[in-house]
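Summary of structural features
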Amino acid sequence: MAATMKILITGASGYVGQHLISSLAFGGISKNNIPDKYSDGKASCDTSDQPQYELFCAYNSLPTFENDLNQLLGQSPLHPSIVGIHPIPNVDFSQPDYIDVIRRACRCGDGDNNKIDAIIHLAALSSPGFCEKNASVAWKVNRPLDLLALDAPIIYMSTDQVYEGTKQLYQEDKDETVPVNVYGRTKLAFERVLLGADGSADGRLLSEKELGGEHIKSASPAADPKSVILRSSLILGPPTPLINGCRKGAFPSFLQFIESRLQSSTSTDYFVNEFRSVVHIDDVMKAIKHFLRNALFDSSSQVKTGIFNLGGSTRASRFDMAKEVANYLKLDPSSANGVDRPETGSGVPSPPDISMNVDKITNELGVPKMNGLKEIVACTFE
């Protein structure tokens, strides 16, 4: 019988985490392909030569999560390769014992059968406003150094907010990173940890320019070279598979907020001069599972940690999104007001244009193009 491999998902109760659990639970993982509802392949019934997997789903606190997960998993048989799905509550990355909670739940110890084989790290404090007001907590949560002690490749969901936002279509292997807020700095810092870079000769993790005056030193074990960094844009898509959703309010993604405002004819301002390369959850799933397969099965000695912009093919403003939702759903667009993004007043620095060049991830995934805004809206509301 093939060995059982352990996959740790942090931030499992969030929007991406819930979609990912469903995708892995019912679609499985294949050494040669990763077919599920997010791809065109068909899962094979013969898993005799395939490994089996346990999913360990770490989250901090969401009262509805475990009941909703049990309800979801009871609706259909699990893929034959998935032999266990285990929620791990109370994993708080701001507390020093989080790594012990994970170790106990994942039954980590000596020997290959007691180790974690791959980590999909989705957990984060992702509100720029909260991070700005609670910087010390943000540094703890968004730069979890002890996670490297698990000695497993990490698929890390970073952010487009590591870019300064002063140009268009940033390239991950060419353009510099100059985060303008605490959230972006903390996410970039963990990128540097995974890359094994100190940033300067005196041990700084980030440069003075990147840090905006702060001084944070690196002190961590080396990361697994099969780790990968995904700089994600704003993620859009349908509701999560869990009935009560996640903790991010009443709307699964920004598109449902727009839909609600248009349907109620509520006058709403949308920025016309703040741009991102919005990405659909389907493309996020494809990327994560592609790199998961690489982490588990790529035995090349030349593997090294890579960085990929994870976005769609359209550079879009919030007003562009509102107009596209109105057009697709045939709703009156008159309540959507295009306004300029204020230069000051929000209290949190925000990069105005963090659209990204996505050629690298497109080539890596072997797809003709990433979904653009029109496809994203259509896939969300079809």
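We now turn to the structure provided with this report. (Residues numbered from 1 in each chain as written. Predicted model: local features only at pLDDT ≥ 70, side-chain atom pairs only at ≥ 80, totals over all residues. Heavy atoms only, no water.)

**Comments concerning the sheet that holds strand 2 (residues 52–58)**
The test is simple: Here, strands pair whenever DSSP counts at least two bridges between them. Note on conventions: DSSP H or I runs of at least 4 residues are helices, E runs of at least 2 residues are strands, and numbering of each starts at the N terminus. Only the stretch in contact is used when a helix axis is fitted, and all axes are lines through C-alpha atoms; the angle between N-to-C directions ranges over 0 to 180 degrees.
If you walk across this open sheet you meet the seven strands as 3-2-1-4-5-6-11, and the pairing is parallel. What marks the edges here is a single partner per strand, and that holds for strand 3 (82–88) and strand 11 (306–310). For this sheet, the mean inter-axis angle between neighbouring strands, taken without regard to orientation, is 20°. Here strand 4 (residues 118–121) pairs with strand 5 (residues 154–159) via three bridges, running parallel. The partner of Ile119 across the bridge, within strand 5, is Ile154.

**Observations concerning the nonpolar core**
To be explicit about the condition: Among buried residues, those of type Ala, Val, Leu, Ile, Met, Phe, Trp, Tyr and Cys that are joined through side-chain atoms within 4.5 Å constitute a nonpolar core. Buried means the residue's accessible area, taken with a 1.4 Å probe over protein chains only, is under 20% of the maximum for its type, while exposed means over 50%, and partly exposed covers the values in between. Contacts: residue pairs with any heavy atoms within 4.5 Å of one another.
Among the nonpolar cores identified, the biggest contains 47 residues, and Val284 and Ile288 are the most heavily contacted of them. At eight residues, helix 9 (residues 281–297) tops the list of elements feeding residues into this core. Those residues in contact with Ile288 that lie beyond four places of it in its chain are Val16, Leu20, Ile120, Leu122, Ile155, Met157 and Leu230. Within the second largest apolar cluster, 28 residues are counted, among which are Ile116, Ala123, Val141 and Ile307.

**Regarding the packing of helix 10 (residues 318–329) against helix 12 (residues 373–381)**
So the rule is basically this: Throughout, the term roughly parallel applies to angles under 35 degrees, roughly antiparallel to angles over 145, roughly perpendicular to angles from 65 to 115, and oblique to all others. Two helices crossing with the near one rotated counterclockwise from the far one by less than a right angle form a left-handed crossing, whereas a clockwise rotation gives a right-handed crossing.
At a closest axis distance of 10 Å, the pairing of helix 10 and helix 12 adopts a crossing angle of 50°. The angle between helix 10 and helix 12 places the two elements in the oblique class. You can see that helix 10 and helix 12 cross each other, and the crossing is right-handed. Contacts between helix 10 and helix 12 involve Asp320, Met321, Glu324, Val325, Tyr328 and Leu329 from the first element and Leu373, Lys374, Val377, Ala378 and Phe381 from the second.

**Quick word on helix 3 (residues 98–105)**
Formally: Directions are taken from the helix axis to each C-beta atom, and the arc is the one they span.
Every buried residue of helix 3 is listed here: Tyr98, Ile99, Val101 and Ile102. In an axial view of helix 3, the angular spread of the buried residues amounts to 160°, which keeps them on one side of the axis. Buried residues along helix 3 sit in contact with strand 1 (4–10) and strand 3.

**Some thoughts on the environment of His19**
Mapped onto the elements of the fold, His19 is located in helix 1 (residues 15–27). Overall, His19 belongs to the buried group, its relative accessible area being 3%. Along the primary structure His19 and Pro238 are separated by 219 residues, whereas in three dimensions their C-alpha atoms are 9.7 Å apart.

**Examining the pairing of strand 2**
Put simply, the test is: The crossover handedness rule: strands pointing away from the viewer, path from first strand over the helix to second strand clockwise, crossover right-handed.
By the criterion of burial, strand 2 is predominantly enclosed, with seven of the seven residues buried. Here strand 1 pairs with strand 2 via six bridges, running parallel. Its bridge partner lying in strand 2, Ile9 is registered against Cys57. Sheet topology note: the strand 2/strand 3 ladder contains six bridges and is parallel. Paired with Phe56 across the bridge in strand 3 is His86. Read from strand 2 through helix 2 (residues 65–73) to strand 3, the crossover connection turns out right-handed.

**Notes on the side chain of Ser335**
Inspection of the secondary structure assignment puts Ser335 in the loop between helix 10 and strand 13 (336–339). Residue classification places Ser335 among the buried residues on the basis of a relative accessible area of 8%. When sequence neighbours within four positions are dropped, the list of residues in contact with Ser335 reads Arg261, Leu262, Ser265, Thr266, Ser267 and Thr268.

**Brief notes about the packing of aromatic side chains**
What counts here: Working definition: a ring pair exists when centres of Phe, Tyr or Trp rings (six-membered ring for Trp) sit within 6.5 Å. Plane angles under 30 degrees give stacked, over 60 give edge-to-face, the rest tilted. When the NZ atom of lysine or the CZ atom of arginine is within 6 Å of a ring's centre and also within 35 degrees of its normal, the charge is said to sit over that ring.
Applying the stated rule across the entire model yields eight aromatic pairs. Ring geometry for Tyr59 versus Phe65: centroids 4.5 Å apart, planes at 55°, classification tilted. For Tyr59, a relative accessible area of 6% gives the class buried. On the numbers, 5.7 Å between centres and 85° between planes, the contact of Phe251 with Phe257 is edge-to-face. Using a relative accessible area of 24% as the deciding quantity, one classes Phe257 as partly exposed. Through a chain of ring-to-ring contacts, three or more aromatic side chains come together here, namely Phe251, Phe254, Phe257 and Tyr270. The side chain of Lys360 reaches across the aromatic face of Phe308, ending 4.6 Å from its centre.

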